[in-house]
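Architecture and fold: a report
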Amino acid sequence: MRNPAGSTDRRVDKLINLLVKNATVVVPGPKIASEIGVTRKKVWEWIERLRSLGIEIHGVHGEGYQLATVPDILAPSLLRAELGDIPMGRNIVHFFRTDSTNAVALKLAAEDAEHGTVVVAEEQTAGRGRLGRSWYSEKSNGIYTSVILRPPLSPAAAPVLTLMAGLAAQKAVSATTGLAVDIRWPNDLLVNGKKVCGILTEMSAELDRLHVVVLGIGLNVNHVHMPAALESIATSLRMEAHRGISRVQLLVTLLRELERHYQLLLNNGNKAITERWAAASTFAHGKRVRVVSGAGQTQATTTGLDPSGALKILRDDGCQELLVAGEVVEVK
Ligand code: BTN
């Protein structure tokens, strides 16, 4: 696949890989330049770029460069080295900065990018959220990624794919951080009642077949604080775990969990996901919620998950309903 415009030059990835592999020694500038096939000036420019992302690289005058710490950049070579031969992440497209990884992924999908292609950015300038909202995408501190799926499923499976992504993300976050992670229908992850992860599923379909599904996942990982407008509803994994979290490790675990849950859905059907989802979320049963949908707001109690992925609710006016879109907020 051709690298899309604006994505990170593959030779930057080689540079990172070279520094990681030789982390115990000072690597001479000319050696780096000749191994990756660029000028020494270019090497210096790229080192500066990496430093601007917070990667500590010592420059020993006249001798070369050496990493001070293991870099936590979502470089394809670092991710691929950990992933093994699974379809999720077989192709990884990295950006230092882009508008929205979902926008990029949808474009790549229209150009026939293969199933499992991953787009990842260190920063987004126009991160998209659900219901027309934006997604706060602070540089180098979050994971902003979009995964292209080509499921052999009908459009009716779309809601369960959305739940599947939330479930996989929950398993990845709790395994990596040790935190207790809740899932709010359909697929927000909450830690101590505040949001740490949001997922935006976008797709194109024909009447009987899903063409392509883009799972856009945003995770607040190492933010030291959240902007004032978000701090009452959102938090980061670092703020809750009181330690920095490796984004590389978390994204690798996330892609593995996505692969595992995707196979579970294909091989065992909707119920394999909806039952696990219901067991993993306090929102599935008996939760008092405010329902926000196109039709306005009502209060209700949740009564389970339908095999289609819809949330069953009993409204305060006594009506039972299946929620297929919109969102719920806990009422205390
Ligand atoms: C939500 O509103 O909860 C969904 C947020 C989804 C954000 C992610 S960040 C990576 C991907 N690219 C986007 O523009 N949005 C999604």
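As the structure is a computational prediction, the values presented were derived from the model and not from experiment.

Turning next to empty space enclosed by the protein. Across all of its chains, the model carries one cavity of 30 Å³ or more by this definition. Of the voids in this model, the largest cavity is the one considered here, and its volume is about 40 Å³. Residue classes in the lining of the largest cavity are distributed as eight nonpolar, no polar and no charged.

On the basis of which strands lie adjacent, the open sheet formed by seven strands has the order β3-β4-β5-β9-β8-β7-β6 and mixed pairing. Of all strands in the sheet, those bounded by a partner on one side alone are β3 (92-95) and β6 (182-184). Strand-to-strand, the axes of this sheet are offset by a mean angle of 20°, without reference to chain direction. Alignment of strand β7 (residues 188-191) against strand β8 (residues 194-205), held across three bridges, turns out to be antiparallel. Bridging from a neighbouring strand, L190 pairs with K195 of β8.

Before going further, it helps to spend a moment on the site of the ligand. Around the ligand lies a shell of 20 residues, among which S100, Q124, R128, R130 and K195 are the nearest. At 3.4 Å, a backbone N or O of N102 approaches a nitrogen atom of the ligand. Contacts to the ligand include Q124, whose side-chain N or O atom sits 3.0 Å from a nitrogen atom. A majority-of-atoms criterion places the ligand in the largest pocket. At the level of elements, α5 (101-110), β5 (142-149), β8 and β9 (210-220) are the ones that each hand at least two residues to the shell around the ligand. Of the residues assigned to the shell around the ligand, the class counts are five nonpolar, 11 polar and four charged.

Turning next to the side chain of Q170. Structurally, Q170 is set in helix α6 (residues 158-177). Not counting residues within four places of it along the chain, the set of residues in contact with Q170 comprises V181, I183, L189 and A280.

Rules behind the numbers
- Residues numbered from 1 in each chain as written.
- Predicted model: local features only at pLDDT ≥ 70, side-chain atom pairs only at ≥ 80, totals over all residues.
- Heavy atoms only, no water.
- 1 Å grid on protein atoms, 1.4 Å probe; cavity = no way out; pocket = protein on both sides within 12 Å on 5 of 7 lines; lining within 4 Å.
- Points joined across faces, edges and corners; volume = space filled by probe spheres on them.
- Nonpolar A, V, L, I, M, F, W, Y, C, P; charged D, E, K, R; others polar.
- Pairing = 2+ DSSP bridges.
- Helix = DSSP H or I, 4+ residues; strand = E, 2+ residues; numbered from the N terminus.
- Axes fitted to C-alpha atoms, helices over the stretch in contact; angles between N-to-C directions.
- Near = heavy atom within 4 Å.
- Polar contact = N/O pair within 3.5 Å; in protein donor to acceptor, adjacent residues only side chain to side chain.
- Sits in = over half its atoms within 2 Å of the grid points.
- Contact = heavy atoms within 4.5 Å.

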